[in-house]
Amino acid sequence: MALDGFRAAVKQGSLTDAISNVQQRTPESFNSHTLHIAVTGESGSGKSSLINAMRGLSAGDEGAAETGMLDTMTEPMAYPDPVLPGVTLWDLPGVGTSSFPLDSYCKQLNLSRFEFYIIVGSQRFRSDHARLACEIQRMGKRFYFVRSKADMDLDASRRQRPSSYNEERILEQIREDCRRGVAAEGVGHPQVFVVSSWEPNRYDFPLLRQTLQTELPLLKRHAFLLSLPAVTSPIINQKKAALKAEIWKIALFSCFLAAVPVPGLSFLGTFVVFRKHLFRYYSNFGVDNRSLSALAQQVGKPVEELTAVMTSLGMTPMTALKLLLDSVGAAVMVREYSWKRLPVFGAMVSGGVALITTYFMLRKCLASVADDTQRVLSKALEAERENTI
(Lines give C-alpha, C1' and ligand atoms only; values in the text may rest on other atoms or scores of the structure.)
Protein backbone atom coordinates (compact mmCIF):
# COMPACT_ATOMS: atom_id res chain seq x y z
CA MET A 1 0.00 0.00 0.00
CA ALA A 2 1.12 3.56 -0.72
CA LEU A 3 1.11 4.60 2.93
CA ASP A 4 2.70 1.48 4.41
CA GLY A 5 6.23 2.91 4.36
CA PHE A 6 5.07 6.16 5.92
CA ARG A 7 3.14 4.36 8.67
CA ALA A 8 6.05 2.01 9.41
CA ALA A 9 8.49 4.91 9.76
CA VAL A 10 6.22 6.77 12.21
CA LYS A 11 5.72 3.57 14.20
CA GLN A 12 9.48 3.10 14.44
CA GLY A 13 9.93 6.67 15.62
CA SER A 14 11.79 7.79 12.50
CA LEU A 15 10.08 10.97 11.38
CA THR A 16 12.85 11.69 8.89
CA ASP A 17 12.15 8.38 7.12
CA ALA A 18 8.43 9.21 7.14
CA ILE A 19 9.06 12.55 5.44
CA SER A 20 11.51 10.92 2.99
CA ASN A 21 8.79 8.47 2.03
CA VAL A 22 6.60 11.42 1.05
CA GLN A 23 9.37 13.36 -0.68
CA GLN A 24 10.28 10.41 -2.90
CA ARG A 25 6.80 9.89 -4.25
CA THR A 26 6.24 10.71 -7.92
CA PRO A 27 3.43 13.05 -9.07
CA GLU A 28 1.70 10.06 -10.69
CA SER A 29 1.39 8.33 -7.32
CA PHE A 30 -1.17 10.92 -6.24
CA ASN A 31 -3.53 10.28 -9.16
CA SER A 32 -5.70 7.95 -7.09
CA HIS A 33 -6.32 10.70 -4.52
CA THR A 34 -9.64 12.50 -4.97
CA LEU A 35 -9.46 16.27 -4.74
CA HIS A 36 -12.53 17.73 -3.04
CA ILE A 37 -13.07 21.33 -4.16
CA ALA A 38 -15.56 23.48 -2.25
CA VAL A 39 -17.26 26.18 -4.35
CA THR A 40 -18.36 28.83 -1.90
CA GLY A 41 -19.45 32.46 -1.84
CA GLU A 42 -22.50 34.58 -1.13
CA SER A 43 -25.97 33.50 -2.16
CA GLY A 44 -26.77 34.41 -5.77
CA SER A 45 -23.15 34.84 -6.82
CA GLY A 46 -23.36 32.10 -9.45
CA LYS A 47 -21.75 29.16 -7.66
CA SER A 48 -24.06 26.53 -9.16
CA SER A 49 -23.85 28.05 -12.64
CA LEU A 50 -20.06 28.00 -12.41
CA ILE A 51 -20.08 24.30 -11.48
CA ASN A 52 -22.38 23.52 -14.41
CA ALA A 53 -20.18 25.46 -16.82
CA MET A 54 -17.05 23.71 -15.54
CA ARG A 55 -18.76 20.37 -16.13
CA GLY A 56 -19.98 21.37 -19.58
CA LEU A 57 -23.66 21.34 -18.59
CA SER A 58 -26.58 23.75 -18.75
CA ALA A 59 -29.04 24.36 -15.93
CA GLY A 60 -31.69 22.01 -17.32
CA ASP A 61 -29.35 19.11 -18.16
CA GLU A 62 -29.53 15.83 -16.28
CA GLY A 63 -27.14 15.84 -13.33
CA ALA A 64 -26.68 19.61 -13.41
CA ALA A 65 -26.56 21.68 -10.23
CA GLU A 66 -29.77 23.52 -9.44
CA THR A 67 -29.63 27.24 -10.10
CA GLY A 68 -31.98 30.05 -9.16
CA MET A 69 -32.35 33.38 -7.44
CA LEU A 70 -33.27 31.79 -4.11
CA ASP A 71 -30.62 29.76 -2.32
CA THR A 72 -32.59 26.96 -0.65
CA MET A 73 -29.66 24.56 -0.33
CA THR A 74 -29.05 23.25 3.19
CA GLU A 75 -26.28 20.72 2.55
CA PRO A 76 -23.24 20.68 0.24
CA MET A 77 -23.89 18.80 -3.01
CA ALA A 78 -21.17 16.78 -4.75
CA TYR A 79 -20.62 16.86 -8.52
CA PRO A 80 -17.80 14.79 -10.05
CA ASP A 81 -15.85 16.58 -12.76
CA PRO A 82 -16.28 14.60 -16.01
CA VAL A 83 -13.01 15.89 -17.49
CA LEU A 84 -10.51 16.19 -14.64
CA PRO A 85 -9.79 12.76 -13.11
CA GLY A 86 -10.36 12.42 -9.38
CA VAL A 87 -11.91 15.87 -8.91
CA THR A 88 -15.21 16.44 -7.10
CA LEU A 89 -16.80 19.89 -7.06
CA TRP A 90 -18.95 20.64 -4.01
CA ASP A 91 -21.72 23.21 -4.31
CA LEU A 92 -22.01 24.86 -0.88
CA PRO A 93 -24.91 26.88 0.53
CA GLY A 94 -24.41 30.62 0.23
CA VAL A 95 -22.60 32.41 3.03
CA GLY A 96 -24.29 35.28 4.83
CA THR A 97 -27.88 34.01 4.68
CA SER A 98 -30.14 33.70 7.72
CA SER A 99 -29.48 29.93 7.74
CA PHE A 100 -25.75 30.27 7.26
CA PRO A 101 -24.42 33.50 8.81
CA LEU A 102 -20.75 34.16 8.25
CA ASP A 103 -19.80 33.84 11.92
CA SER A 104 -20.89 30.20 12.04
CA TYR A 105 -20.61 29.29 8.34
CA CYS A 106 -17.29 27.43 8.54
CA LYS A 107 -18.34 25.41 11.56
CA GLN A 108 -21.84 24.63 10.26
CA LEU A 109 -20.51 23.23 6.99
CA ASN A 110 -17.33 21.74 8.47
CA LEU A 111 -15.33 23.66 5.89
CA SER A 112 -12.07 22.02 6.92
CA ARG A 113 -13.09 18.69 5.33
CA PHE A 114 -12.49 20.12 1.86
CA GLU A 115 -9.02 20.32 0.35
CA PHE A 116 -9.25 23.21 -2.10
CA TYR A 117 -11.64 26.14 -2.51
CA ILE A 118 -13.09 28.36 -5.18
CA ILE A 119 -14.53 31.56 -3.70
CA VAL A 120 -17.14 33.00 -6.06
CA GLY A 121 -18.13 36.65 -5.93
CA SER A 122 -20.17 38.93 -8.17
CA GLN A 123 -20.52 42.70 -8.69
CA ARG A 124 -17.84 43.68 -6.17
CA PHE A 125 -15.40 42.35 -3.60
CA ARG A 126 -17.02 41.95 -0.17
CA SER A 127 -15.78 41.55 3.38
CA ASP A 128 -17.30 38.06 3.46
CA HIS A 129 -14.89 37.06 0.70
CA ALA A 130 -11.92 38.32 2.70
CA ARG A 131 -13.01 36.49 5.85
CA LEU A 132 -13.49 33.25 3.93
CA ALA A 133 -10.02 33.69 2.42
CA CYS A 134 -8.53 34.25 5.88
CA GLU A 135 -10.18 31.11 7.25
CA ILE A 136 -8.93 29.04 4.32
CA GLN A 137 -5.41 30.36 4.81
CA ARG A 138 -5.62 29.64 8.55
CA MET A 139 -6.32 25.98 7.67
CA GLY A 140 -3.18 25.93 5.53
CA LYS A 141 -5.13 25.45 2.31
CA ARG A 142 -5.35 27.21 -1.05
CA PHE A 143 -8.09 28.80 -3.12
CA TYR A 144 -8.90 30.56 -6.37
CA PHE A 145 -11.03 33.67 -6.39
CA VAL A 146 -13.57 33.75 -9.23
CA ARG A 147 -15.39 36.95 -10.10
CA SER A 148 -18.52 35.75 -11.87
CA LYS A 149 -21.03 37.45 -14.18
CA ALA A 150 -18.38 39.29 -16.18
CA ASP A 151 -20.84 39.70 -19.04
CA MET A 152 -23.17 41.74 -16.82
CA ASP A 153 -20.32 43.92 -15.53
CA LEU A 154 -19.11 44.63 -19.05
CA ASP A 155 -22.61 45.32 -20.34
CA ALA A 156 -23.24 47.81 -17.54
CA SER A 157 -19.93 49.54 -18.21
CA ARG A 158 -20.65 49.69 -21.95
CA ARG A 159 -24.00 51.38 -21.33
CA GLN A 160 -22.61 53.81 -18.74
CA ARG A 161 -19.47 54.90 -20.66
CA PRO A 162 -19.84 53.86 -24.30
CA SER A 163 -17.19 56.28 -25.57
CA SER A 164 -14.41 55.07 -23.24
CA TYR A 165 -15.41 51.41 -23.14
CA ASN A 166 -12.41 49.04 -23.20
CA GLU A 167 -13.14 45.41 -22.40
CA GLU A 168 -9.64 44.26 -21.44
CA ARG A 169 -9.03 47.34 -19.30
CA ILE A 170 -12.27 46.79 -17.39
CA LEU A 171 -11.50 43.10 -16.88
CA GLU A 172 -8.07 43.98 -15.48
CA GLN A 173 -9.63 46.56 -13.17
CA ILE A 174 -11.98 43.89 -11.83
CA ARG A 175 -9.06 41.48 -11.27
CA GLU A 176 -7.04 44.16 -9.50
CA ASP A 177 -9.98 45.07 -7.26
CA CYS A 178 -10.23 41.44 -6.15
CA ARG A 179 -6.48 41.14 -5.58
CA ARG A 180 -6.43 44.32 -3.48
CA GLY A 181 -9.38 43.15 -1.42
CA VAL A 182 -7.75 39.84 -0.55
CA ALA A 183 -4.27 41.32 -0.06
CA ALA A 184 -5.71 43.88 2.39
CA GLU A 185 -6.45 40.99 4.73
CA GLY A 186 -2.88 39.71 4.51
CA VAL A 187 -3.85 36.60 2.58
CA GLY A 188 -1.20 36.99 -0.10
CA HIS A 189 -1.68 36.96 -3.85
CA PRO A 190 -4.30 34.43 -4.90
CA GLN A 191 -5.10 33.66 -8.50
CA VAL A 192 -8.10 35.65 -9.68
CA PHE A 193 -10.30 34.73 -12.63
CA VAL A 194 -13.03 36.88 -14.17
CA VAL A 195 -15.61 34.66 -15.87
CA SER A 196 -19.11 34.37 -17.23
CA SER A 197 -20.77 31.00 -16.80
CA TRP A 198 -22.94 31.81 -19.82
CA GLU A 199 -19.88 32.19 -22.01
CA PRO A 200 -17.39 29.49 -20.92
CA ASN A 201 -15.15 30.13 -23.95
CA ARG A 202 -14.54 33.80 -23.15
CA TYR A 203 -12.77 35.95 -20.56
CA ASP A 204 -10.78 33.91 -17.98
CA PHE A 205 -12.91 30.78 -18.09
CA PRO A 206 -10.55 28.81 -20.37
CA LEU A 207 -7.62 29.97 -18.22
CA LEU A 208 -9.42 28.78 -15.07
CA ARG A 209 -9.86 25.29 -16.52
CA GLN A 210 -6.31 25.18 -17.84
CA THR A 211 -4.80 26.39 -14.56
CA LEU A 212 -6.75 23.85 -12.53
CA GLN A 213 -5.70 21.06 -14.89
CA THR A 214 -2.04 22.12 -14.83
CA GLU A 215 -1.90 22.45 -11.05
CA LEU A 216 -3.92 19.31 -10.37
CA PRO A 217 -0.94 16.99 -9.57
CA LEU A 218 0.47 19.54 -7.11
CA LEU A 219 -2.95 20.22 -5.59
CA LYS A 220 -3.47 16.49 -5.08
CA ARG A 221 -0.05 16.19 -3.44
CA HIS A 222 -0.93 19.15 -1.22
CA ALA A 223 -4.24 17.48 -0.28
CA PHE A 224 -2.44 14.20 0.39
CA LEU A 225 -0.05 15.93 2.78
CA LEU A 226 -2.99 17.52 4.57
CA SER A 227 -4.47 14.06 5.16
CA LEU A 228 -1.35 12.56 6.75
CA PRO A 229 -1.75 13.92 10.32
CA ALA A 230 -5.00 11.94 10.57
CA VAL A 231 -3.11 8.85 9.38
CA THR A 232 -0.44 9.23 12.05
CA SER A 233 -2.80 9.82 14.96
CA PRO A 234 -3.82 6.15 15.47
CA ILE A 235 -0.17 5.04 15.19
CA ILE A 236 1.00 7.52 17.81
CA ASN A 237 -1.90 6.61 20.11
CA GLN A 238 -1.05 2.92 19.74
CA LYS A 239 2.57 3.57 20.71
CA LYS A 240 1.44 5.69 23.65
CA ALA A 241 -0.87 2.92 24.87
CA ALA A 242 1.93 0.33 24.70
CA LEU A 243 4.33 2.52 26.67
CA LYS A 244 1.61 3.50 29.12
CA ALA A 245 1.08 -0.17 30.00
CA GLU A 246 4.67 -0.34 31.26
CA ILE A 247 4.42 2.61 33.63
CA TRP A 248 3.10 0.54 36.54
CA LYS A 249 6.23 -1.65 36.43
CA ILE A 250 8.48 1.40 36.37
CA ALA A 251 6.55 2.96 39.25
CA LEU A 252 6.82 -0.24 41.31
CA PHE A 253 10.57 -0.30 40.80
CA SER A 254 10.72 3.29 42.02
CA CYS A 255 8.59 2.28 44.99
CA PHE A 256 10.93 -0.57 46.01
CA LEU A 257 13.95 1.67 45.56
CA ALA A 258 12.39 4.31 47.82
CA ALA A 259 11.75 1.72 50.55
CA VAL A 260 15.48 1.17 51.04
CA PRO A 261 16.45 2.93 54.32
CA VAL A 262 19.10 5.23 52.85
CA PRO A 263 18.52 8.97 53.31
CA GLY A 264 17.94 10.76 50.01
CA LEU A 265 17.73 7.55 47.99
CA SER A 266 13.96 7.85 47.53
CA PHE A 267 14.21 11.29 45.98
CA LEU A 268 17.29 10.46 43.92
CA GLY A 269 15.84 7.17 42.70
CA THR A 270 12.57 8.77 41.62
CA PHE A 271 14.46 11.49 39.78
CA VAL A 272 16.77 9.03 37.98
CA VAL A 273 13.87 6.80 36.92
CA PHE A 274 11.90 9.79 35.65
CA ARG A 275 14.91 11.21 33.78
CA LYS A 276 15.72 7.89 32.12
CA HIS A 277 12.22 7.30 30.82
CA LEU A 278 11.68 10.92 29.87
CA PHE A 279 14.57 10.65 27.41
CA ARG A 280 13.40 7.22 26.36
CA TYR A 281 10.01 8.64 25.31
CA TYR A 282 11.59 11.41 23.28
CA SER A 283 13.84 8.91 21.52
CA ASN A 284 11.07 6.34 21.03
CA PHE A 285 8.80 8.85 19.32
CA GLY A 286 11.62 10.44 17.32
CA VAL A 287 11.52 13.92 18.88
CA ASP A 288 14.82 13.86 20.73
CA ASN A 289 17.34 16.60 19.97
CA ARG A 290 19.30 14.63 17.38
CA SER A 291 16.18 13.50 15.52
CA LEU A 292 14.70 17.00 15.55
CA SER A 293 17.90 18.46 14.08
CA ALA A 294 17.87 15.89 11.28
CA LEU A 295 14.18 16.49 10.59
CA ALA A 296 14.62 20.27 10.50
CA GLN A 297 17.45 19.94 8.00
CA GLN A 298 15.38 17.58 5.86
CA VAL A 299 12.41 19.94 5.55
CA GLY A 300 14.56 23.06 5.26
CA LYS A 301 13.41 24.75 8.45
CA PRO A 302 15.27 25.98 11.56
CA VAL A 303 15.04 23.46 14.37
CA GLU A 304 13.55 26.24 16.51
CA GLU A 305 10.39 26.15 14.36
CA LEU A 306 9.89 22.50 15.28
CA THR A 307 10.68 22.87 18.97
CA ALA A 308 8.41 25.92 19.18
CA VAL A 309 5.33 23.70 18.82
CA MET A 310 6.43 21.36 21.62
CA THR A 311 4.79 21.75 25.00
CA SER A 312 5.96 18.60 26.80
CA LEU A 313 7.41 18.85 30.27
CA GLY A 314 11.16 18.60 30.55
CA MET A 315 13.74 18.60 27.78
CA THR A 316 16.76 18.39 30.12
CA PRO A 317 17.56 16.70 33.45
CA MET A 318 17.38 20.09 35.19
CA THR A 319 13.81 20.73 34.14
CA ALA A 320 12.91 17.21 35.22
CA LEU A 321 14.56 17.89 38.58
CA LYS A 322 12.64 21.16 38.97
CA LEU A 323 9.37 19.40 38.16
CA LEU A 324 10.08 16.76 40.76
CA LEU A 325 10.95 19.32 43.41
CA ASP A 326 7.84 21.35 42.64
CA SER A 327 5.56 18.34 43.03
CA VAL A 328 6.36 15.92 45.83
CA GLY A 329 10.13 15.59 45.87
CA ALA A 330 10.37 17.65 49.03
CA ALA A 331 7.65 15.58 50.67
CA VAL A 332 9.61 12.39 49.97
CA MET A 333 12.69 13.75 51.76
CA VAL A 334 10.63 14.96 54.71
CA ARG A 335 9.04 11.55 55.18
CA GLU A 336 12.47 9.91 55.32
CA TYR A 337 13.03 11.54 58.73
CA SER A 338 10.53 9.06 60.15
CA TRP A 339 12.90 6.17 59.48
CA LYS A 340 14.52 6.42 62.90
CA ARG A 341 11.31 6.31 64.94
CA LEU A 342 8.94 4.34 62.68
CA PRO A 343 11.04 2.53 60.04
CA VAL A 344 8.19 0.44 58.62
CA PHE A 345 5.89 3.41 58.37
CA GLY A 346 8.69 5.44 56.83
CA ALA A 347 9.31 2.77 54.21
CA MET A 348 5.62 2.58 53.34
CA VAL A 349 5.29 6.34 53.04
CA SER A 350 8.47 6.76 51.00
CA GLY A 351 7.60 3.88 48.71
CA GLY A 352 4.00 4.99 48.26
CA VAL A 353 4.91 8.58 47.48
CA ALA A 354 7.61 7.42 45.04
CA LEU A 355 5.15 5.08 43.31
CA ILE A 356 2.43 7.70 42.90
CA THR A 357 4.91 10.41 41.90
CA THR A 358 6.62 8.27 39.28
CA TYR A 359 3.35 6.90 37.89
CA PHE A 360 1.57 10.21 37.37
CA MET A 361 4.65 12.12 36.24
CA LEU A 362 5.49 9.51 33.63
CA ARG A 363 1.89 9.38 32.42
CA LYS A 364 1.82 13.13 32.03
CA CYS A 365 5.21 13.13 30.35
CA LEU A 366 4.24 10.33 27.93
CA ALA A 367 1.00 12.07 26.93
CA SER A 368 2.84 15.34 26.34
CA VAL A 369 5.57 13.74 24.23
CA ALA A 370 3.00 11.85 22.15
CA ASP A 371 1.08 15.09 21.52
CA ASP A 372 4.34 16.83 20.64
CA THR A 373 5.13 14.12 18.10
CA GLN A 374 1.85 14.83 16.33
CA ARG A 375 2.53 18.57 16.36
CA VAL A 376 6.13 18.24 15.16
CA LEU A 377 5.15 15.92 12.32
CA SER A 378 2.31 18.26 11.32
CA LYS A 379 4.79 21.16 11.29
CA ALA A 380 7.20 19.17 9.11
CA LEU A 381 4.38 18.26 6.71
CA GLU A 382 3.36 21.93 6.65
CA ALA A 383 6.86 22.76 5.46
CA GLU A 384 6.49 20.15 2.73
CA ARG A 385 3.20 21.70 1.67
CA GLU A 386 4.88 25.08 1.38
CA ASN A 387 7.46 23.48 -0.91
CA THR A 388 4.70 21.93 -3.04
CA ILE A 389 3.12 25.10 -4.44
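Use the structure listed above.
Quantities reported herein were computed from a predicted structural model and do not represent experimental measurements. (Residues numbered from 1 in each chain as written. Predicted model: local features only at pLDDT ≥ 70, side-chain atom pairs only at ≥ 80, totals over all residues. Heavy atoms only, no water.)

Caption draft 1: Up close: helix α3 (residues 47-54). For α3, a buried count of seven out of eight residues is recorded, marking the element as mostly surrounded by other parts of the structure. Against β1 (35-41), β2 (77-80), β3 (87-91), β4 (116-121), β5 (142-147) and α8 (205-244) lie the buried residues of α3. Looking one or two residues beyond α3, the residue adopting positive phi is Gly56, at roughly 75 degrees. (Buried < 20%, exposed > 50% of the residue type's maximum accessible area, 1.4 Å probe, protein only. Helix = DSSP H or I, 4+ residues; strand = E, 2+ residues; numbered from the N terminus. Contact = heavy atoms within 4.5 Å.)

Caption draft 2: Structural detail: the nonpolar core. Ranked by internal contacts, the top residues of the largest apolar core, which has 42 residues, are Phe6, Leu228, Tyr281, Phe285 and Val287. Of all the elements in the fold, those that place two or more residues in this core are α1 (4-11), α2 (15-23), α8, α9 (247-258), α10 (265-285), α11 (289-299) and α14 (343-388). For this core, the element with the highest residue contribution is α14, accounting for twelve residues. Beyond its immediate sequence surroundings of up to four residues, Leu228 is in contact with Leu3, Phe6, Val22 and Leu381. (Core = buried A, V, L, I, M, F, W, Y, C linked by side-chain atoms within 4.5 Å.)

Caption draft 3: Highlighting the sheet that holds β4. Read across the open sheet, the six strands follow the order β2-β3-β1-β4-β5-β6; overall the sheet is mixed. Both outer strands of the open sheet, β2 and β6 (191-194), are each paired with one neighbouring strand and no more. Mean inter-strand twist for the sheet, computed between neighbouring axes without regard to direction, equals 25 degrees. Judged from the six bridges that link them, β4 and β5 form a sheet pairing that is parallel. Bridge assignment links Gly121 to a residue of β5, and that residue is Arg147. With respect to the sheet, α3 is in contact with β1, β2, β3, β4 and β5, its orientation differing from that of β3 by roughly 155 degrees. Its contacts with the sheet put helix α7 (residues 167-183) on β5 and β6, and the angle it makes with β6 is roughly 145 degrees. (Pairing = 2+ DSSP bridges. Axes fitted to C-alpha atoms, helices over the stretch in contact; angles between N-to-C directions.)

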